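Observations on the model geometry
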Amino acid sequence: MASPPVPTDSIVALLQSLVRTPSRAGTDTPAPVLRCMEDWLGSRGLACRRLQGAGGEPLGLYAEIAGTRPGGPWTVLDATLDTAGFGDAASWTWPPTDPRIEGGWLHGRGSADSKGGAALFAHLLAEFGAAREGFAGRLGLLLDLDEHSGRFGGARAFFDPPLGNGPAPRPDGVIIGYPGMDRIVTGGRGFLRARLAVHGIAAHAGATRRRGLNAITRAMALARALESAPLPPADPAFGLAPRLTLTGIQAGDGGYTQVPDRCELRIDLRLTPGFTDAQARALVRATIERQDADHAGAAATAIEWFAGWPAYRVPDADPMVAALREAGRAELGIDLPTRVAGPSNIGNYLHGLGVPALCGFGLRGENIHAADERIALDSIGPVYRIHRAALRRLQRG
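A brief look at the structure comes next. Not measured: the values here are computed from a predicted model. (Residues numbered from 1 in each chain as written. Predicted model: local features only at pLDDT ≥ 70, side-chain atom pairs only at ≥ 80, totals over all residues. Heavy atoms only, no water.)

The next point concerns the packing of helix H1 (residues 8–20) against helix H2 (residues 31–43). Two numbers describe how H1 lies on H2: the axes approach to 9 Å, and their chain directions differ by 155°. With respect to their mutual orientation, H1 and H2 come out roughly antiparallel. Side by side, H1 and H2 meet where Ser10, Leu14, Ser17 and Leu18 of the first sit next to Val33, Cys36, Met37 and Trp40 of the second. Of the residues belonging to the contact of H1 with H2, the class tally is 6 nonpolar, 2 polar and no charged. (Axes fitted to C-alpha atoms, helices over the stretch in contact; angles between N-to-C directions. Helix = DSSP H or I, 4+ residues; strand = E, 2+ residues; numbered from the N terminus. Parallel < 35°, antiparallel > 145°, perpendicular 65-115°, else oblique. Contact = heavy atoms within 4.5 Å. Nonpolar A, V, L, I, M, F, W, Y, C, P; charged D, E, K, R; others polar.)

Listed below in structure tokens is the structure:
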């Protein structure tokens with residue numbers, strides 16, 4: 001049976017409506033963009049439910065259809081409806097909420113990350129919903145309104161509902177609509193963060209006898225030691241090396257006359273299968289102990305850990321990967337490579353729940369989180385057809 005044409009004009013129209021509706025994380029109320037998508041789904045007979053926080057605040061939206069044939073997997077398409085901030089609006093060629101089309105590109109904040117993915121996935125759900133007798137299993141659409149905050153509130157509200165709200169759902173796989181059509185992102189580095197309180201001994205900055213111990217000087221030495229600490233090399237099977245980054249330093253009370261007795265360092269550690277949470281903690285502790293030994297007169301450096309997520313990678317043999325690669329080969333004539341992302345993402349969280357997630361095959365985008373964010377209109381057709389063909393393969397039962 002021939003496939004219907006890609007509804008490019010309708011995808012563009014929905015995307016423009018979403019871009020016109022500002023939904024910056026922590027700045028804009030999410031209700032308008034939520035209603036925009038609810039109205040679109042409702043007009044096509046697709047029932048959806050809001051995902052809410054403990055206080056009733058909207059965090060996301062979920063819609064689902066089921067095929068009429070027995071068996072088949074439960075696949076969830078995931079995208080975010082909230083966005084990064086605008087930054088300096090004067091640096092944009094057009095306003096961030098003006099979905100201007102120019103030279104084959106559609107501009108606007110969130111067009112690539114990832115309202116474009118949301119618009120495309122919504123149309124796929126509508127297409128499959130109109131032909132339920134042709135597939136088996138379940139197909140869901142999960143739209144997060146709390147992703148760019150780093151909380152992933154919509155996904156958490158869906159996958160970890162409060163006690164008494166039924167069992168936690170565990171689909172067979174999740175496909176996340178992050179931008180980029182040159183590869184399939186099958187995993188990501190994990191992360192661990194820490195805040196270090198480095199202590200000194202206070203004194204008057206002009207003293208000639210009791211000079212104290214400068215916590216800033218001591219913290220700088222610790223920072224250099226941490227940055228030069230040996231990390232494992234990249235694992236060929238994973239593709240990326242671990243990383244330790246100093247991301248903040250704070251000390252002093254704003255004056256000039258006191259030797260500071262406390263300096264705070266913030267560090268971000270990127271984890272891999274060869275550099276786990278436990279190994280990262282051990283490396284930081286050992287480095288601190290060596291530095292503290294040189295300053296026995298001051299209090300030991302204190303560590304406050306902020307737990308993150310482990311690294312993960314979905315195997316290339318996974319059905320979702322195989323389906324996308326087969327569809328990509330038929331559409332593009334190439335074998336799409338698989339890659340691991342440097343930043344962590346919702347896929348790390350899902351991995352911890354035992355749910356495999358692909359976190360990147362989508363529209364071709366540019367200037368993500370920067371001025372003049374945009375997506376290439378000519379990527380809509382091939383990306384839609386590849387996802388359609390991959391889902392058909394998955395839902396054959």
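That was the structure; now back to the text.
Before going further, it helps to examine helix H9 (residues 380–394). Side chains of residues three or four places apart in an α-helix project in the same direction, reflecting 3.6 residues per turn. Here H9 contains 15 residues, and its C-alpha end-to-end distance of 21 Å stays within 8% of the 21 Å for a straight helix at 1.5 Å per residue. Taken across its 15 residues, H9 has 11 buried, putting it largely inside the fold. Looking at H9, one finds that the buried residues are Ile380, Gly381, Pro382, Val383, Tyr384, Ile386, His387, Arg388, Ala390, Leu391 and Leu394. (Expected span 1.5 Å × (residues − 1). Buried < 20%, exposed > 50% of the residue type's maximum accessible area, 1.4 Å probe, protein only.)

What follows is about the sheet that holds strand S2 (residues 58–66). Spatial strand order, S1-S2-S6-S3-S7-S17: 6 strands in an open sheet with mixed pairing. Of all the strands in the sheet, the pair left with one neighbour each is strand S1 (48–52) and strand S17 (357–358). Summarising the sheet, strand S3 (residues 69–80) and strand S7 (residues 173–176) pair through 4 bridges and their orientation is parallel. Note on S7: the bridge partner recorded for Asp78 is Ile176. (Pairing = 2+ DSSP bridges.)

On to the packing of aromatic side chains. Per the stated rule, a full pass over the model turns up 7 aromatic pairs. A ring pair is formed by Phe128 and Phe135, whose centres lie 5.6 Å apart and whose planes are at 75°; its orientation type is edge-to-face. Accessibility expressed as a relative area gives 6% for Phe128, which makes it buried. On the basis of relative accessibility, which here comes to 2%, the residue Phe135 falls in the buried class. Geometrically, the ring pair formed by Trp309 and Tyr349 is tilted, given 5.9 Å between the ring centres and 40° between the ring planes. One end of the pair, Trp309, is in strand S14 (residues 302–309); the other, Tyr349, is in helix H8 (residues 346–352), with 40 residues separating them in the sequence. For Trp309, a relative accessible area of 15% corresponds to the buried category. (Phe/Tyr/Trp six-rings, centres within 6.5 Å; stacked < 30°, edge-to-face > 60°.)

With that out of the way, let us pick up the state of the cysteines. For the coordinates displayed, the defined rule picks out 0 disulfides. Left unpaired, Cys36 is separated from the closest cysteine sulfur, that of Cys48, by 12 Å. Residue Cys48 is classed as partly exposed on the basis of its relative accessible area of 27%. (Disulfide = S-S within 2.5 Å.)

In this section: the pattern of salt bridges. With the rule as written, the count across this model stands at 24 salt bridges. The network of salt bridges with common partners includes Arg195, Arg262, Glu264, Arg266 and Glu304. (Salt bridge = Lys/Arg side-chain N within 4 Å of Asp/Glu carboxyl O.)

Turning to its location among the elements, Asp292 is positioned in helix H6 (residues 277–292). The residues contacting Asp292, other than those within four sequence positions of it, are Arg218, Ala300 and Thr301.

Our focus in this paragraph is the sheet that holds strand S13 (residues 262–271). Strand order in this open sheet of 4 strands is S11-S13-S9-S14, and the pairing throughout is antiparallel. In the strand order of this sheet, the two ends are held by strand S11 (243–251) and S14, each with one partner. Averaged over all adjacent pairs, the angle separating strand axes in this sheet is 15°, with direction ignored. Taken strand by strand, H6 contacts strand S9 (190–199), S11, S13 and S14, and its axis lies near 160° from that of S14.

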